[in-house]
Amino acid sequence: MPLTDTAIRQAKPTEKTRKLSDAQGLYLEVSPAGGKWWRLKYRFEGREKRLSLGTYPETTLAVARGKRDAARALLRTGVDPSAERKEEKRRTAIAADNSFEAIAREWHKAWSVTRTPKHAGQVMQRLEGDIFPAIGALPVAKITAPMLLALAKKVEARGANDLARRAFQVAGQVLRYAVAHGLATRNVAAQVKPGDALKPKQERHFARLDAREMPELLNKIEVYAGYPRTRLAMKLMTLTFLRTTELIQAQWSEIDMAAKLWRVPAGRMKMRTDHLVPLSRQTLQVLEQIRESGTGPDYLFPGERDHEACMSNNTILFALYRMGYRGRMTGHGFRGVASTILHELGHRHDLIELQLAHQERDKISAAYNFATYLPQRAEMMQAWADHVDTMRAQHKSK
């Protein structure tokens, strides 16, 4: 017989827990201490289970029956009410506790594993300096596209146009992580593009010489009176046109003199894939000179004072300053000049771009692309080294 409010109110505790049945699996459990708990007994996938529906009198008979009916409706669709209850609690906890900052720190911890400490640190600084103050305390599910654009505009307002775009992109990466882990249902950053509200992206141009000025620079490098290893670093940069960081952090374990090949590991490359540098005869000679200079077992270019660390990032730049090239040439400028001259000499654009590590690489093609056209690139790098010798000799003959 179904329960009534009167019967429930008059139910007295006994020495043992007693059950007062209602209908369709709903019953009231009365404890020896006098507590009254609503329970639902049901079967799911052949197993008998129990679901708590609240306490009496906070949960009235009518409310308890409504919860029972809702649970049975789930059962009819093949959903376990207990599992749904746990999932609902999880969703509620996410909405209450999973702030953007908490999720961003989780994302950064996972994402930074394959990044250099410097790059990972820069991204965390971006998060802590620009993103967390704006949206860090908000649940990820409450963040909107206008909020992201607003924080990016705030960064842009102080003149940091590139950082504004990067802040927007990082926020989008965090939201993608949230969606992938069931912490949000959509990535609102995908609904807009930074260009919809931010100023056009400005191209970054590094100071570099005109190709006609290279012969003079090459000869100045030859007679550079500063630290000898710095002179060798500039010669090696000229021949390989690696980025400054890629060059100064080089280790002997990356170089196979016999195979005439230098494999720069992915962790030091902008594209995050290994990069192969074919070694010309002239490059091998420079490497031998570097080895003979007593560099140590690890770095090609250890620090002048701290041999456990590599050469400073500004060493080559300051050497160029001392040679009279302040504002006219940078370490990165060697790459631009090499690209210009190689194109003028008629070398293939795709080979030049591959050797500069400019080409975009997705995860599928990365393992293939870093070695694409390696014999042709080796031929081009030898031709480049020969041309460097020719430019140096032309200037000497003047």
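Conventions adopted
Residues numbered from 1 in each chain as written. Predicted model: local features only at pLDDT ≥ 70, side-chain atom pairs only at ≥ 80, totals over all residues. Heavy atoms only, no water. Helix = DSSP H or I, 4+ residues; strand = E, 2+ residues; numbered from the N terminus. Buried < 20%, exposed > 50% of the residue type's maximum accessible area, 1.4 Å probe, protein only. Contact = heavy atoms within 4.5 Å. Phe/Tyr/Trp six-rings, centres within 6.5 Å; stacked < 30°, edge-to-face > 60°. Lys NZ or Arg CZ within 6 Å of the ring centre and 35° of its normal. Pairing = 2+ DSSP bridges. Axes fitted to C-alpha atoms, helices over the stretch in contact; angles between N-to-C directions. Core = buried A, V, L, I, M, F, W, Y, C linked by side-chain atoms within 4.5 Å. Salt bridge = Lys/Arg side-chain N within 4 Å of Asp/Glu carboxyl O.

**Student:** If you had to explain the overall build of the protein chain to someone new, which residues and values would you point to?
**Tutor:** The helix and strand tally for the protein chain stands at 16 helices and seven strands. Across the 398 residues that make up the protein chain, the buried fraction comes to 44%. Taking contacts inside the protein chain between residues at least 6 apart in sequence as the whole, the part at least 24 apart equals 58%.

**Student:** Give a detailed account of the environment of A137, specifying residues and quantitative values.
**Tutor:** The topology assignment puts A137 in the loop between α5 (117–135) and α6 (145–157). On the basis of relative accessibility, which here comes to 72%, the residue A137 falls in the exposed class. The spacing of A137 and E101 is 36 residues in sequence and 6.4 Å in space, taken between C-alpha atoms. Residues in contact with A137, not counting those within four places in the same chain, are S99 and F132.

**Student:** Which residues make up the packing of aromatic side chains, and what values go with them?
**Tutor:** In the structure shown here, the tally under the stated rule is four aromatic pairs. Between F318 and Y321, the ring centres sit 5.7 Å apart and the planes meet at 40°, which makes this aromatic pair tilted. Note that F318 and Y321 are positioned in helix α12 (residues 315–322) at a spacing of three residues, about one turn of the helix. Overall, the relative accessible area of 40% leaves F318 in the partly exposed class. The positively charged end of R326 is found above the aromatic ring belonging to Y321, 4.0 Å away from the centroid.

**Student:** Run through the sheet that holds strand β1 (residues 18–21), naming residues and quoting values.
**Tutor:** In spatial order, the strands read β1-β2-β3-β4; together these four strands make up an open sheet with antiparallel pairing. Both outer strands of the open sheet, β1 and β4 (47–56), are each paired with one neighbouring strand and no more. On average, each strand axis in the sheet is inclined to that of its neighbour by 30°, with strand direction left out of account. Strands in contact with helix α2 (residues 61–76) are β2 (26–30), β3 (36–44) and β4; relative to β3, the strand with the most contacts, it is inclined by about 15°.

**Student:** Can you tell me about the pairing of β4, naming the residues and giving the values?
**Tutor:** Note that β3 and β4 share nine bridges and pair antiparallel. Bridge pairing links F44 to R47 in β4.

**Student:** Explain the side chain of T283 residue by residue, including any values.
**Tutor:** With respect to the secondary-structure elements, T283 resides in helix α11 (residues 281–292). Judged by relative accessible area, which is 1%, T283 ranks as buried. In this structure T283 touches L236, L239 and T240, once residues within four positions along its chain are discounted.

**Student:** Go over the nonpolar core with me, naming the residues and quoting the values.
**Tutor:** One finds L217 and W262 to be the most contacted residues of the largest nonpolar core, which totals 54 residues. Residues W107, V140, V170 and V174 belong to the second largest nonpolar core, which totals 35 residues.

**Student:** Report on the pattern of salt bridges, specifying residues and quantitative values.
**Tutor:** As enumerated under the stated definition, the model contains 20 salt bridges in all. Across the pair R65 and D22 runs a salt bridge whose closest N-O atoms are separated by 2.8 Å. Of this pair, R65 sits in helix α2 while D22 sits in the loop between β1 and β2, and the two are 43 residues apart along the sequence. Exposure remark for D22: the relative accessible area of 7% places this residue in the buried category. Across the pair R39 and E29 runs a salt bridge whose closest N-O atoms are separated by 3.3 Å. Placement of the pair is R39 in strand β3 and E29 in strand β2, with a sequence separation of ten residues. Considered together, R39 and E29 belong to a single accessibility category, that of buried residues. Bridged by salt links that share partners, the residues D22, R65, R68 and D69 form one connected network.

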